[in-house]
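Here is how the chains run, residue by residue.
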Protein chains: 2
Amino acid sequence: MIYVISTGMGDYLDLTGRAIKALNECEIIVGYKKYVGLIEKHFPNKKFISYSMREEVARCEFVLKIAHDENKNVGLISGGDAGIYGMAGLVLELSGKDDIIKIIPGLTSATAAAALLGAPLSNDFAVISLSDLLTPQEVILKRVKCSCDGDFVICFYNPGSERRRELFKQACSIIMEYREKNTPAAIVTDVSREGQECKILTISEIQNYEPKMNQTIIIGNSKTFNRNGKIITPRGYKI
Amino acid sequence: MIYVISTGMGDYLDLTGRAIKALNECEIIVGYKKYVGLIEKHFPNKKFISYSMREEVARCEFVLKIAHDENKNVGLISGGDAGIYGMAGLVLELSGKDDIIKIIPGLTSATAAAALLGAPLSNDFAVISLSDLLTPQEVILKRVKCSCDGDFVICFYNPGSERRRELFKQACSIIMEYREKNTPAAIVTDVSREGQECKILTISEIQNYEPKMNQTIIIGNSKTFNRNGKIITPRGYKI
């Protein structure tokens, strides 16, 4: 059996009981080195194998081989939730036999960041990755425009990297056409990890910001407000 | 202190360690009776207070009063993730002092349902509640249209109730204008609870379905496919 295990933000307390149970049932646990580094100390009797970034296909092929050839329980860990820009999709795509794969959901950056910021996702929202490695930039920017048109709160994953700074700025330009300048916009860095930091700004302030891979960015909808340093998107209760 | 605690799908194994820790630190735990019923047996020494549906404001006012007047640690539980159509936003809106409120994120239906279905949320997606108690129907349907225009995977929360059957049908009609008839569409009932069930259909089959409150519905984007009973939205890896 292959357990695709969501490890959440990386702190042991962020794991669900089901994720801990699955990790304990595995003989070998495979993952991107950063996520392996965050959890291996809590499972000292397990064999962990670390891979570098962009070796996602190799990681999946390895666990599929072990599960098939050696009939072992193997864990494929995925930071955040394995189903959201994580390893679940790829391993299912590569596998011919889906019934040997069990996916364990977990905390994703959107909800973990939102909990630190207040309640920005309390109404309809869109989740968009700004990584253009696998999705063309024009598709990403079209999605930003459609999210604005529908007045969704927007949550950006992978908002930028050293190589990619312009796309976030372009996304902000589109958002500025639809939203007030003082719409709350927040950057959360390293949720639940060393160096965790929240910055609550406005859309006009954030547009010149250079985001990094370890950040999540949430932009409010037309009703989102900032009160005493918490961002709230009202659900609509009459209070 | 008020802990707003996400209880996930309701099974004890779905709780994070941080949620269990917070529940153990509370003297009184308040929530909607269904969610209280799912977790109280695991915390036999705690005092639980149950409220009915639509008493959300009363529930928040009660915990704010206890926290202020009696200076006690009180838990306000919220099924799924408290920040997604949950109690986090309302209690923050009603509170004057946000620094006494700590939000503990958790599993939300979108990720828990997705894990059962395969990997439908592996690319950009929109989360839309079809409940029209707090959001006008025309706003909801506009969001459905914009999600289609942006080719987002769509995840519907609160897809229907006995009183509200037509809105889902109207949403499906809009989606049918944009997507192929055989686009995968899935209904997940009672995730991680007794009676859990997954139905994988197509958008043309699902449009006549009468959804219920205890269900989550996920509709694929233009690239989502069904393989051996698992729904996958490819992220875009060349494999």
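Before any of the text, the structure's been laid out above.
Read on for an overview of the structure. This structure is a prediction, so every number in the text was calculated from the model and none was measured. (Residues numbered from 1 in each chain as written. Chains lettered and ligands numbered in written order. Predicted model: local features only at pLDDT ≥ 70, side-chain atom pairs only at ≥ 80, totals over all residues. Heavy atoms only, no water.)

This part is about the packing of helix 6 (residues 137-149) of chain A against helix 6 (residues 137-149) of chain B. Contact pair helix 6 of chain A / helix 6 of chain B: the axes reach a minimum separation of 8 Å and the direction vectors enclose 175 degrees. If you check the angle between helix 6 of chain A and helix 6 of chain B, you find them roughly antiparallel. Contacts between helix 6 of chain A and helix 6 of chain B involve K142, C146 and D149 of chain A on the former and, on the latter, K142, C146 and D149 of chain B. Classifying every residue of the contact of helix 6 of chain A with helix 6 of chain B by side-chain character gives two nonpolar, no polar and four charged. (Axes fitted to C-alpha atoms, helices over the stretch in contact; angles between N-to-C directions. Helix = DSSP H or I, 4+ residues; strand = E, 2+ residues; numbered from the N terminus. Parallel < 35°, antiparallel > 145°, perpendicular 65-115°, else oblique. Contact = heavy atoms within 4.5 Å. Nonpolar A, V, L, I, M, F, W, Y, C, P; charged D, E, K, R; others polar.)

Inspection of the secondary structure puts D151 of chain B in the loop between helix 6 and strand 8 (153-157). A relative accessible area of 16% places D151 of chain B in the buried class. In contact with D151 of chain B, other than residues within four places in its own chain, are R143 of chain A together with R179, N221 and S222 of chain B. (Buried < 20%, exposed > 50% of the residue type's maximum accessible area, 1.4 Å probe, protein only.)

Between the two copies, chain B and chain A, the superposition gives an RMSD of 0.0 Å; the rotation angle is 180 degrees and the shift along the axis is 0.0 Å. Viewed as a symmetry operation, the transformation between the two copies matches a two-fold axis. (Least-squares fit on C-alpha atoms with pLDDT ≥ 70 in both.)

Residue and element names in this part refer to chain B. Non-glycine residue N158 carries a positive phi angle of around 45 degrees. Relative to the helices and strands, N158 resides in the loop between strand 8 and helix 7 (166-178). Take N158: its relative accessible area is 17%, and that puts it in the buried class. We note that N228 has phi near 50 degrees; this positive angle belongs to a residue other than glycine. Of note, N228 is situated in the loop between strand 12 (225-227) and strand 13 (230-232).

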